[in-house]
Structure formats: structure tokens, C-alpha cells
Amino acid sequence: MVLPGVLGPGAAALLASSVCCRCTMRLCGLANAESYRRPVPELLRDLKVFGSKAERKRSSDNVVGQSSKKAKTESDTVMLGHTTDRSSIDNGSELVFERDVKSEEDETREQVESVAAERACQDTLHEASPFSAVCTVCLGIMQQFCEASFIEELGNKVKKSGFEFGSVVVSVSFPAQLAVREHAACLILEEACRAEDPHSWKSDLVSLKEAYKWVVYEGLSECLGVPVEGKSPFEVNVNFTHEETKEECHFLASLFPGCFKPAKNKQSLFTRMAVSKALARIGEDQFRSNSSCPPKPMSMPCRAQKISCSHGPIYVAGRYNKFSRSLPQTPWIIDGERRMDSSVEELISEPLMQGFAAEGRPFAVELLNPRRTATGSEMVHKLQLQINGASNKIGVRDLQVVTRDSLLFMKQGEEEKTKLYSALVWSERELQLKDVELLNSTKELQLDQKTPLRVLHRRPLAVRPRVVHTIHADLVDAHQLRLQLRTQAGTYIKEFVHGDFGRTQPNLGSLLNTCADILELDVESVDVNWPPPVNDTPATEANPQQNCLDEGV
């Protein structure tokens, strides 16, 4: 342990104020992780010896300083009187000799007193618990909650959480009022150090979170058998509270109200950041007049109120085929009543959640807080087979785990991609060849589509501009047309055909001056190359029905 000697009185003052040894070290700026992991009895012994040595040195320096001043006065007297009396020289020699002998005696006494202090400290530590007093700064965070018993308890809770993980990141939340207590301790340290040397004080403390990490992370890593890292999808959250002292920071709100602004996502005004901002503005006299300095001792330590585990989402993507026109894309529930038995979303996501073709439509499922994280290709392929075997209404292929960033390709495709549809359309009036020619010559038709009535219960009301890039029409009979439409993604094809009571303009009925309706609608292709192909059984082999993708209800 290496600490500047000038901090000795400060360390002694902190220990006298019931500040624990680890907080004393970090407030003194000791940035050596290994030192914090040493047993508490050893740390306390070394700090007490360090403080007592610094005190003895200060006393010794005062004695030497007075003796030096006396010797200098005598020497000056001799020179000023031009005296060459031998006794004056002898007196000077005796003074130097006595000082040399005194220094040796001091050194011997220091060694004896140091050994005695260590023995006395060891006896005291063996007789009593190292945590007989709750630290007035951390309220036990750097005491009980750094011990092997708590680390083991924390590790066991993580193991029982049911998550799979290869690394872990630990997030700790400390009570905001600890910042007030730490500020008071820093004033005590500063006062003691400035009394020793007015020009030596330098505030360079180690944060509570950093020191706690140094002590706990290594032991937790050994307990779990995985590295504790700064970044990991698996997170362990430990929330410490101390109800008895929660109002100790409230005086700051009346002094600096601008630092404490309410927000919807904050459970309390007194966040650690807000308290720290207020403490940065307060003067020493103002602080001492509103808060206890040194901090009041407490009989009970903090509580680890909540220990929770969570895992970042896993994104699974693929392409699907839909083989039923009566199957909606998403659950169709209106006024709390389910209108359809199932949906594409449910048929795909439920097996994925339990387990963790033609080109097909791309999809992605976000699995929140997954317990199982083994995502090898064999497991994913089994899930694909399970999905395809569960229903004859859909088929999935190219199932794979993807990154969050890669979802941007699908999001960009929502605006930029095109879709090819096949539709069977009915017309009230008889159709002629000129109607077919009109439609086939239509290019880049601009539409204004107000949210359709059929989806108004789940989509916001808006007018969306869309484009029909090309139309290819063939007469089936006098009242029916087979259309192939290439459109911008997001175009409502059914509404383009029948007009949705004028909510889509123009529409097929207005173009042909007739009343039109749609009989069949299939999606032939979606022009976006995502996710990348996977070498596995295609959806059409797993479900050998008609190779079509319809728009659904």
C-alpha cells in the first residue's frame, strides 16, 4: 500500500469518523485494485500503523524544527560577537551529537511502537468483527457486500435465474445520499491534510462504483466461471437502498432546485447525478450548516433490495410463405374479441419463443430477455422444422439468428422495396379490350391512400402516398380481369381495386369508370434480398402446397 505521508493525518481522521478502511483508501486516492481485495483486518492494521507513523513523524519534525531554530540562534550569536571561545564550539558539537543520538533513539522507538501497534490491532481484530461499525460513508457497501459470502450469494442467484450466458456485466445502483456522506468525508480529509501541509491537498478520490468493481468482479467471475466484462448481453443488476438516510440529500433541492427536475422516466427527483450536480455548486460553510460533518453513524447497513438478471434480445429472421388467404398477418382482435383463430405472427413466433418456398416474405422476431442463448445452426434448423410442421398455412425458410444492426436492411426495404401481386378482379360493367390497353399503358401511378377502414382499429389515421409502378391486365371473361401489379411496399391493393368508399384515389374503379372488387390476391414476390439464403430445406418442401403468398385479411 503506497500512500503519500501527508495523507496520514487525513486517514487517521477518517478512521476516527468510522469510515471503513476501503473507503479511507479510495478517498485518499489509492488506485490499486489489488489493495482493495486484501483482507479487511490487514487493511485496517496497515492504515492504523500508517496513521500513527505519520503522527509520530509530525511530532518529531516539530521537535527537530525547534532544536534547529535554537542551534541557528546560538550560531548567529557566536558570529555576531566574534567569539572564538572553545566552549561555544563544544556546545555546538554537543548539540549535533545529541540530535544524532536522538534520531537513532527515535528510530528504535518507532520500530518498537510500530510492532506494539500491530500486535494490539491484531488482537482487537481477532476479538471483534471487522464490521462492528457500519461505515459512515458507504453504509456497508465496501464492507459486508464485498465479502465472499455476499459474492457467493449473488453468484448462486445468478445461477438459479435460468439464463444461459458466456459472460456477464454487473450494474450496481447506490443510494443517492451516499454522495452527500462522501462529500462530508472529503471535507474531513481535506481539513486534516491542509493542517499538515496547506499546499499539499489534491482531491483525486476513487469512485465507490470503481472500488466496488475491483473487489467484487474477480470473485464473481470465479463463482460463475465466466468473465465479468464491461459489455455483455447478459446483465446482473444489483440495487442497494438505505431507507433510514434517504432524506439526507433533500436539503439540496431547496438550495439548488434547478438540479432536481421531474421527469416521466425517473422514480425520484434525487438521482445520483442530480445530487452530484448540486454538491458541485455548494460551498463548504453552506454544506456544513445544512448537513452533518462528519456523517452520522448508522446502526444498519444498506440492503441489496433487488437482484435481477436480464439478457439482451436475440433477433431471428427468415422468409415465410403463406398458404391460406384466411390467415391474417397479425392477430386480429377488435374490442377485445378475437376475429381469427391465428396469424402468421403467432404461428412463427410461438415456437421460437418456446425454443428460446418461393422467395417468401422477410420477417424478424425479437425474443426479449431469452433464458436460452444457444443459437447454433442445428438448433435454429430444428425450430424451422417445428414451425413448418405445426401448421399447413405457412412455411418458413432461411431461418437464422441476425444482429440488431442487420434489421436496418429490412427497415430500409419497407420504404424502398417493391412487391409483385397477382389479383383476380371483378367489374360491374362489361370490360372491353380498350380497358385492358388503358391499364397496360399505366406507369408510375401516384396514389393517395387514407388508412383503410379494415385496419383503422390498429393503424393511425393518415393519408399515405404510394406508387403503382406497372399494371399488366388480361381478360378472363367479360366481367373479370387477371392483374399483375408491381407496387411500392405498403400499398393497399384491395383498396386500390375497390376504392374503399373513395378513401383511395385514384382507384381501379375510377380508372375504368366501373364498380370493381377483388376476388383473389396473392403476393408473388418481395424484392428485397434479406436475410441471406441458408442452405437448408426450403419451405415449399416442408409444406408442399400451392406456391403463393396472399395479402391476407
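Residues numbered from 1 in each chain as written. Predicted model: local features only at pLDDT ≥ 70, side-chain atom pairs only at ≥ 80, totals over all residues. Heavy atoms only, no water.

- As annotated in an unreviewed UniProt entry, the chain is tRNA pseudouridine(55) synthase from Eptatretus burgeri.

### Brief notes about the side chain of Thr-491
Consideration 1: Tracing the sequence through the fold places Thr-491 in the loop between β12 (480-488) and α16 (493-498).
Consideration 2: Exposure remark for Thr-491: the relative accessible area of 3% places this residue in the buried category.
Consideration 3: A distance of 2.7 Å separates the side chain of Thr-491 from the backbone oxygen of Gln-488, its partner in a polar contact. (Helix = DSSP H or I, 4+ residues; strand = E, 2+ residues; numbered from the N terminus. Buried < 20%, exposed > 50% of the residue type's maximum accessible area, 1.4 Å probe, protein only. Polar contact = N/O pair within 3.5 Å; in protein donor to acceptor, adjacent residues only side chain to side chain.)

### Remarks on the packing of helix α6 (residues 148-159) against helix α8 (residues 208-224)
Consideration 1: Viewed as axis vectors pointing N to C, α6 and α8 meet at an angle of 50°, and their least axial separation amounts to 9 Å. The pairing of α6 with α8 is recorded here as oblique in orientation. Note on packing geometry: the crossing formed by α6 with α8 is right-handed. Every residue of α8 that contacts α6 at Phe-150, Ile-151, Glu-152, Leu-154, Gly-155, Val-158 and Lys-159 is listed here: Tyr-212, Val-215, Val-216, Gly-219, Leu-220, Cys-223 and Leu-224.
Consideration 2: The residue inventory of the contact of α6 with α8, partitioned by class, reads 10 nonpolar, two polar and two charged. (Axes fitted to C-alpha atoms, helices over the stretch in contact; angles between N-to-C directions. Parallel < 35°, antiparallel > 145°, perpendicular 65-115°, else oblique. Left-handed = near helix turned anticlockwise from the far one by under 90°. Contact = heavy atoms within 4.5 Å. Nonpolar A, V, L, I, M, F, W, Y, C, P; charged D, E, K, R; others polar.)

### Notes on the nonpolar core
Consideration 1: In terms of nonpolar packing, the biggest core is built from 59 residues, with Tyr-36, Ile-141, Met-142, Tyr-212 and Phe-240 touching the most fellow members.
Consideration 2: Sorting the residues of this core by element identifies α1 (8-16), α2 (21-27), α4 (40-81), α6, β1 (169-173), α7 (178-196), α8 and β2 (234-241) as the ones contributing at least two each.
Consideration 3: Counting residues per element, this core draws most heavily on α8, at nine residues.
Consideration 4: If sequence neighbours within four positions are ignored, Phe-240 has contacts with Ile-141, Phe-145, Phe-150, Val-172, Ser-173, Phe-174, Pro-175, Tyr-212, Arg-303 and Ala-304.
Consideration 5: Membership of the second largest hydrophobic core comes to 30 residues, among which are Leu-447, Leu-483, Val-497 and Trp-530. (Core = buried A, V, L, I, M, F, W, Y, C linked by side-chain atoms within 4.5 Å.)

### Some remarks on unusual backbone geometry
Consideration 1: Note the cis peptide between Cys-293 and Pro-294, where omega equals 10°.
Consideration 2: Within the element layout of this structure, Pro-294 appears in the loop between α11 (284-290) and β3 (303-311).
Consideration 3: Positive phi outside glycine occurs at Glu-444, with the angle close to 45°.
Consideration 4: Mapping Glu-444 onto the fold places it in strand β10 (residues 443-450).
Consideration 5: Notably, Phe-501 is not glycine yet its phi reads approximately 55°, a positive angle.
Consideration 6: Its place among the elements puts Phe-501 in the loop between α16 and β13 (504-505).

### Details of a nonpolar patch on the surface
Consideration 1: Residues Leu-453, Leu-456, Leu-461 and Phe-501 make up a contiguous nonpolar surface patch of about 470 Å² in total accessible area.
Consideration 2: Relative to the helices and strands, Leu-456 resides in the loop between β10 and β11 (463-477). (Patch = residues over 30% accessible without salt bridge, like charges linked within 9 Å, V, L, I, M, F, W, Y side chains within 5 Å. Areas by Shrake-Rupley, 256 points an atom, 1.4 Å probe, with all protein chains shown as cover. Salt bridge = Lys/Arg side-chain N within 4 Å of Asp/Glu carboxyl O.)

### Some points on the packing of α1 against α7
Consideration 1: In the contact formed by α1 and α7, the axes pass within 7 Å of each other and the chain directions differ by 145°. Here α1 and α7 pass one another in a crossing that is right-handed. Touching Pro-9, Gly-10, Ala-11, Ala-13 and Leu-14 of α1 are Ala-185, Ile-188, Leu-189, Ala-192, Cys-193 and Glu-196, all from α7.
Consideration 2: For the contact of α1 with α7, the per-class residue count stands at nine nonpolar, one polar and one charged.

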